Amino acid sequence: MEAALALEMPAAGVRERLAEFVEEVAERLPLRRQRENTLLYVRGLVEQGGRKSLQPTLFRLEETAARYESMQQFLADSPWDPTLVVRACAERVATEIGVTAWVVDDTGIAKDGKHSPGVKRQYSGTLGKIGNCQIAVSVHAVGGRGTLPLGWALYLPEEWCSDVERRRKAKVPAQAVFQTKPQLAASLVEQASAWELPAAPILADCAYGDDTAFRTRLHALEREYVLSVSAQLSVYGPETTFAVPERKGPTGRRRSVARPDGRPESVRALAARLPTRAWRTIPCRTTPAGEDVCSRFAFVRVVATHPVRSDCLAPRREWLIVEWPAGAAAPTDYWLSNLDEEQSQARLARLARLRWTIELDYRQLKGELGLDHYEGRSYLGFHHHCALVSCAHAFLTLERLCPKAPRLA
């Protein structure tokens, strides 16, 4: 999270290590020129400079016009798979950062015009309002020693998916169909779950946690999660029991779905009726100075309503985690988690409060490595750019964790 340590361009030793790292992660690319361009692009992202879009980057590196044409083709049209680079970086660096969770989120990238793939006027949490932007969904490993991107997917609004001419100009492949952000995120998690990475609970905000299909898919993948949910999310309380009803008469159809003996309620309503003894003040995060920060939490076993009532799935008990800080008029946050019943409350609270680290990752990826500087109008080019930014990020993480002289930054 402190990539600036290496951004002023490095001494020869750092350049050599950069070349070695890129050679290692790019060896899966089939063509020599692709591997050469990977090194040049990542070097441009890492070196100190202003805007990290292609033309100013090559100008700073004093490259020729011929190389500019080659790099344009490499980014926008060359059919190399960006997942190969992201995976190689992830498998190389994950063991170094002490992974404790995977975080799902999305970030807005402000754009002018209407030709960049996926761009439209839409709400972006990054902008804090509706604006003309692209939205990239991503998954990141986070640990005590750093963070690491595990995958990127550009969100394509429905109007883009149905516009043949727009798709053609932005080189959107035929297999790219409309998917919601939770669907994109679940696919990224499933993809990275097949790699040689430490498994860890999935964290996400309520835009993902409120999505029943997202939670169900993670559970089907046997992935643990601690997901923020909205106060109005409906659950069956801890006192609710479930049983399969008897069939009606000797000829009635045999029942197979368990039914509750009570009515559902919002998590806000459930939290409001919890007794005083349900609340505990426990540490939920540690400051950079090593000091524990505490808050007041309750932990209740509940069953989410929607999978039972709408999808006819078997009831599945989960943790409802509620934070109600001392002095606050009402609870401030709610989470659902499928971690097992024996989990310590301290671990659940720390995982619930860990998701914020993704904001530091986005800040570095944009502010220092130019994630939001890609100016091309190619769908594949956008994903190529994200993969190469991830490569630069991974290298700088290793430099920070394993510093070696000489260093000029």
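This text follows the structure it describes.
Described in the following lines is the structure provided in the data block. (Residues numbered from 1 in each chain as written. Predicted model: local features only at pLDDT ≥ 70, side-chain atom pairs only at ≥ 80, totals over all residues. Heavy atoms only, no water.)

This part takes up the overall build of the chain. Broken down by element type, the chain carries 15 helices and 14 strands. Its C-alpha radius of gyration of 24 Å places the chain within 12% of the 22 Å reference for a compact globule of 409 residues. In terms of its C-alpha atoms, the chain occupies a principal-axis envelope of roughly 80 × 55 × 35 Å. Taking all 409 residues of the chain together, 51% fall into the buried category. Contacts in the chain between residues at least 24 apart in sequence constitute 66% of all its contacts with a sequence separation of at least 6. In the form shown here, the chain has an accessible surface area of approximately 19200 Å², with 50% of it arising from carbon and sulfur atoms. Once the 55 positive and 49 negative side-chain charges of the chain are each reduced to a mean point, those two points are 5 Å apart. (Helix = DSSP H or I, 4+ residues; strand = E, 2+ residues; numbered from the N terminus. Rg over C-alpha atoms; globule rule 2.2 N^0.38 Å. Buried < 20%, exposed > 50% of the residue type's maximum accessible area, 1.4 Å probe, protein only. Contact = heavy atoms within 4.5 Å. Areas by Shrake-Rupley, 256 points an atom, 1.4 Å probe, with all protein chains shown as cover. Lys, Arg positive; Asp, Glu negative; His and termini not counted. Charge placed at Lys NZ, Arg CZ, Asp CG, Glu CD.)

With the rule as written, the count across this model stands at eight aromatic pairs. Geometrically, the ring pair formed by Phe 74 and Trp 80 is stacked, given 5.0 Å between the ring centres and 15° between the ring planes. For Phe 74, a relative accessible area of 1% gives the class buried. Plain terms: the ring middles of Phe 297 and Phe 299 are 6.1 Å apart, the flat faces sit at 25° to each other, and that makes the pair stacked. Using a relative accessible area of 12% as the deciding quantity, one classes Phe 299 as buried. Through a chain of ring-to-ring contacts, three or more aromatic side chains come together here, namely Phe 297, Phe 299 and Trp 335. Between the NZ or CZ atom of Lys 181 and the centre of the ring of Tyr 155, over which it lies, the distance is 4.1 Å. When the ring centre of Trp 319 is taken as reference, the NZ or CZ atom of Arg 301 above it lies at 4.9 Å. (Phe/Tyr/Trp six-rings, centres within 6.5 Å; stacked < 30°, edge-to-face > 60°. Lys NZ or Arg CZ within 6 Å of the ring centre and 35° of its normal.)

Okay, unusual backbone geometry next. The backbone of Glu 222 shows a phi angle near 60°, a positive value even though the residue is not glycine. With respect to the helices and strands, the residue Glu 222 is situated in the loop between α10 (212–220) and β6 (225–229). Look at Cys 312: it is not a glycine, yet its phi comes out positive at around 55°. Its location among the elements puts Cys 312 in the loop between α12 (305–309) and β13 (317–323).

Turning next to the packing of helix α2 (residues 32–46) against helix α15 (residues 379–401). Contact pair α2 / α15: the axes reach a minimum separation of 9 Å and the direction vectors enclose 65°. Our pair here, α2 against α15, has a crossing hand that is right-handed. Across from Thr 38, Tyr 41, Val 42, Leu 45 and Val 46 in α2, the residues of α15 making contact are His 385, Leu 388, Val 389, Cys 391, Ala 392, Phe 395 and Leu 396. (Axes fitted to C-alpha atoms, helices over the stretch in contact; angles between N-to-C directions. Left-handed = near helix turned anticlockwise from the far one by under 90°.)

In the sheet, strand β2 (residues 120–124) pairs with strand β3 (residues 129–143) via five bridges, with the strands oriented antiparallel. Along β3, the bridge assignment pairs Gln 122 with Gly 131. The turn joining β2 and β3, which pair antiparallel and follow one another in sequence, is formed by four residues; a positive phi near 75° is taken by Gly 128. (Pairing = 2+ DSSP bridges.)

Before going further, it helps to examine the packing of helix α5 (residues 82–97) against α15. With their axes 9 Å apart at the nearest point, α5 and α15 run at an angle of 20° to one another. Comparing the axis directions of α5 and α15 gives the class roughly parallel. Read as a crossing pair, α5 and α15 show a hand that is left-handed. Contact with α5, carried on its side by Pro 82, Val 85, Val 86, Cys 89, Arg 92, Val 93, Glu 96 and Ile 97, involves Leu 380, His 383, His 384, Ala 387, Cys 391, Ala 394, Thr 397, Leu 398 and Leu 401 of α15 and no other residues of that element. Its residues assigned to classes, the contact of α5 with α15 comprises twelve nonpolar, three polar and two charged. (Parallel < 35°, antiparallel > 145°, perpendicular 65-115°, else oblique. Nonpolar A, V, L, I, M, F, W, Y, C, P; charged D, E, K, R; others polar.)

Moving on, we come to the pattern of salt bridges. All chains considered together, the criterion is met by 21 salt bridges. The salt bridge involving Asp 105 is made with Arg 355; its shortest N-O contact spans 3.2 Å. In this pair, Asp 105 sits in strand β1 (residues 99–110) while Arg 355 sits in the loop between α13 (345–352) and α14 (357–367), placing the two residues 250 residues apart along the sequence. On the basis of relative accessibility, which here comes to 3%, the residue Asp 105 falls in the buried class. The exposure class of Arg 355 is partly exposed, given its relative accessible area of 23%. Salt bridges here are not isolated pairs; linked through shared partners, they connect Arg 15, Arg 43 and Glu 47. (Salt bridge = Lys/Arg side-chain N within 4 Å of Asp/Glu carboxyl O.)

When you tally the buried positions in β6, you get five out of five residues, the bulk of the element. Of the two faces of β6, the one holding Tyr 225, Leu 227 and Val 229 and the one holding Val 226 and Ser 228 are both buried throughout. Sheet topology note: the strand β5 (residues 202–204)/β6 ladder contains three bridges and is parallel. From the neighbouring strand, Ala 204 faces β6, where its bridge partner is Leu 227. Here β6 pairs with strand β14 (residues 333–337) via four bridges, running antiparallel. In the sheet register, Val 229 faces β14, and the bridge partner there is Tyr 334.

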